[in-house]
Amino acid sequence: DKKAEGNLRSPICCIMGHVDTGKTKLLDCIRGTNVQEGEAGGITQQIGATYFPAENIRERTRELKADAKLNVPGLLVIDTPGHESFTNLRSRGSGLCDIAILVVDIMHGLEQQTIESLNLLRMRNTEFMVALNKVDRLYGWKSHRNEPIVKALKRQTKDVQNEFKMRLIQIITQFKEQGLNTELYYKNKEMGETHSIVPTSAISGEGVPDLLLLLVQWAQKTMIEKLTFSNEVQCTVLEVKVVEGHGTTIDVVLVNGILHEGDQVVVCGMQGPIVTTIRALLTPHPMKELRVKKPWDFYQGSVPLEMRSSLLTGLRPSGQLCLSFSDAAVGYEDMLASDWGTYLHHKEIKAAQGIKITAQGLEYAIAGTGLYVVGPDDDLEEIKRSAMED
Ligand code: GTP
Ligand code: MG
Ligand code: NA
């Protein structure tokens, strides 16, 4: 019904897992295919997050012949880095999301940060499903681009199917050792008790439609209350960054409500509460335009973490040092966007979205804390106190 439709916000999904399991590549896979097929339309590379409008999800999952309707306006996906030194970013990401994808490399099984991620998700009672990625690395795998996984598996030789089964059983056992029940999603009869596993390839796209559909359907089926749009702003600072021409900015995830240019806001600062006014609400342009120059293509995965920063610095057309570079997974596309001055300005933005905010006095803002909007009837002192409690 139309009413419920208009009332839901986009679910926020966080992608987590061990380093190099293919988290970013999975996102690239979804975005890339849409771009190639000329569907870039509404896909926007958000700040540390990617927004997928329902239209694109519908298009991407058509082959699954899902009759269920998509009631949410879209899906906001937050990528997180898997490297061990970024526990804080993983924690921040998992703290924001409604639902998560835990990515496991089928060739490696559960690894150190898989277990760390798992514990973060459990601690917060976050629903999650497992993407069992890199199925194309099974010896002898025949690729069928972007095919639903059941169909793709049926087309493999007996040897490939057996290797798949063997590895799947091992991984289900590893999860069991962590106290979790898991099962292939199309065999899972107890969703909610048993976590679903979706086999995927981020390279050839098998299982990716399944993953998208399962995520959205599960979210809109079980989280209606949580996903109901509210005018009360719920917003978290993801990162604090210096951006050429904008000074210190904050990247936020707007979980609920609407932000406007000119809103008076309060954020937690190292030297006390920061009271300021939103000067600009920015998002990067759609992927299509960012993809014109794509230096991250060759950088993907194979470059050691220590080198990433300098590599990308070298690529900047301005030749200047990037002051705020933390990791590729959260923020590098954003950095690239700033280099080409491609930000889009918005008068107002509705949740859920990833947004860059420019305002005065953000130098000492603290990432991971809340952003509060001061309404006409609000007590500023009280809001300042709330902000500092974060
Ligand atoms: P971090 O953000 O550093 O934790 O890594 P990540 O999990 O985002 O992994 P990323 O997407 O950077 O992929 C790591 C490497 O694995 C890259 O070389 C990818 O090309 C490769 N890769 C990712 N997914 C797949 C897959 O499904 N199949 C194959 N064969 N390779 C993959
Ligand atoms: Mg990554
Ligand atoms: Na990587």
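Keep in mind it's a predicted model, so treat the numbers as computed, not measured. Throughout, a residue's number is its position along its own chain's written sequence, starting from 1. Starting at A for chains and at 1 for ligands, labels are handed out in the order in which the entities are written. Per-residue local features are limited, in this predicted model, to residues with pLDDT of at least 70; the limit for side-chain atom pairs, both in listing and counting, is 80 or more; totals at the level of whole chains, interfaces and linings are taken over all residues. Excluding hydrogens and water, the side-chain values take into account all heavy atoms of the structure.

Brief notes about the overall build of the chain
And then number 1: Where helices and strands are cited, they refer to DSSP runs of H or I of at least four residues and of E of at least two residues respectively, numbered from the N terminus. For the chain, the count of helices and strands is 14 helices and 18 strands.
And then number 2: Only protein chains enter the area calculation, which uses a 1.4 Å probe; residues under 20% of their type maximum are buried, those over 50% are exposed, and those in between are partly exposed. Within the span of the chain, comprising 390 residues, buried residues form 57% of the whole.
And then number 3: Note on contacts: a residue pair qualifies if any of its non-hydrogen atoms lie within 4.5 Å across the two residues. Across the chain, every contact between residues at least 6 apart in sequence was considered, and the portion connecting residues at least 24 apart equals 73%.
And then number 4: The protein chains shown are the only cover counted for residues, whose accessible areas, like all others here, come from Shrake-Rupley with a 1.4 Å probe. Carbon and sulfur atoms provide 50% of the accessible area of the chain, an area that totals close to 16900 Å².

What to know about a positive patch on the surface
And then number 1: Patches were defined on residues exceeding 30% relative accessible area and lacking a salt bridge, with like-charge contacts within 9 Å and nonpolar side-chain contacts (Val, Leu, Ile, Met, Phe, Trp, Tyr) within 5 Å. When a carboxyl oxygen of Asp or Glu lies within 4 Å of a side-chain nitrogen of Lys or Arg, that pair is called a salt bridge. Under the counting rule used here, the positive set is Lys and Arg, the negative set is Asp and Glu, and His together with the chain ends is not counted. By convention, charge coordinates are those of NZ in Lys, CZ in Arg, CG in Asp, or CD in Glu. Together, Lys-158, Lys-165, Lys-187 and Lys-189 give the surface a local cluster of positive charge.
And then number 2: Within the secondary structure, Lys-187 sits in the loop between strand S7 (182-184) and strand S8 (195-199).
And then number 3: On the basis of relative accessible area, Lys-187 is assigned to the partly exposed category, the value being 49%.

Some details on the side chain of Arg-9
And then number 1: Note that Arg-9 resides in the loop between helix H1 (2-7) and strand S1 (12-17).
And then number 2: As used in this structure description, the phrase polar contact means that two N or O atoms lie within 3.5 Å; if the pair is within protein, one of them must be able to donate a hydrogen and the other to accept it, and residues adjacent in sequence are counted only when both atoms belong to side chains. Among the polar contacts listed, one links the side chain of Arg-9 to the backbone oxygen of Lys-226, at a separation of 3.2 Å.
And then number 3: Setting aside its immediate chain neighbours within four residues, Arg-9 contacts Val-72, Pro-73, Asp-98, Lys-226, Leu-227, Phe-229, Val-255, Asn-256, Ala-351 and Ala-352.

Some thoughts on the site of ligand 1
And then number 1: Note on terminology: near, applied to a residue and a molecule or strand, indicates that one of the residue's heavy atoms is within 4 Å of it. Lining the immediate environment of ligand 1, one finds 21 residues, of which Lys-23, Lys-25, Gly-82, Asp-136 and Ala-202 sit closest.
And then number 2: At 3.0 Å, a backbone N or O of Gly-22 approaches an oxygen atom of ligand 1.
And then number 3: Interatomic distance of 2.6 Å between a side-chain N/O atom of Lys-23 and an oxygen atom of ligand 1.
And then number 4: Coverage of ligand 1 by the protein amounts to 87% of the 650 Å² it exposes when considered alone.
And then number 5: The element that contributes the greatest number of residues to the shell around ligand 1 is helix H2 (residues 23-36), accounting for three residues.
And then number 6: Under the grouping applied here, Gly and all other residues not named as nonpolar or charged are polar, the nonpolar ones being Ala, Val, Leu, Ile, Met, Phe, Trp, Tyr, Cys and Pro and the charged ones Asp, Glu, Lys and Arg. The residue inventory of the shell around ligand 1, partitioned by class, reads four nonpolar, 10 polar and seven charged.

A closer look at the environment of Gly-262
And then number 1: Along the chain, Gly-262 turns up in the loop between strand S11 (258-260) and strand S12 (264-267).
And then number 2: Its relative accessible area of 47% is what places Gly-262 among the partly exposed residues.
And then number 3: Between the alpha carbons of Gly-262 and His-18 there is a distance of 40 Å; along the sequence they are 244 residues apart.
And then number 4: The residues touching Gly-262, leaving out its near neighbours within four places in the chain, are Thr-277 and Ile-278.

Some remarks on the pattern of salt bridges
And then number 1: In the structure shown here, the tally under the stated rule is 13 salt bridges.
And then number 2: The shortest N-O distance in the salt bridge between Lys-151 and Glu-63 comes to 2.9 Å. Of the two residues, Lys-151 sits in helix H6 (residues 149-154) while Glu-63 sits in the loop between helix H3 (54-60) and strand S4 (74-79), which places them 88 residues apart along the sequence.
And then number 3: Judged by its relative accessible area of 42%, Glu-63 falls in the partly exposed class.
And then number 4: A salt bridge links Lys-241 to Glu-239, with the nearest nitrogen and oxygen atoms 3.8 Å apart.
And then number 5: Judged by relative accessible area, which is 4%, Lys-241 ranks as buried.
And then number 6: Given a relative accessible area of 7%, Glu-239 falls into the buried group.
And then number 7: Through salt bridges with shared partners, one network takes in Glu-239, Lys-241, Asp-251 and Lys-356.

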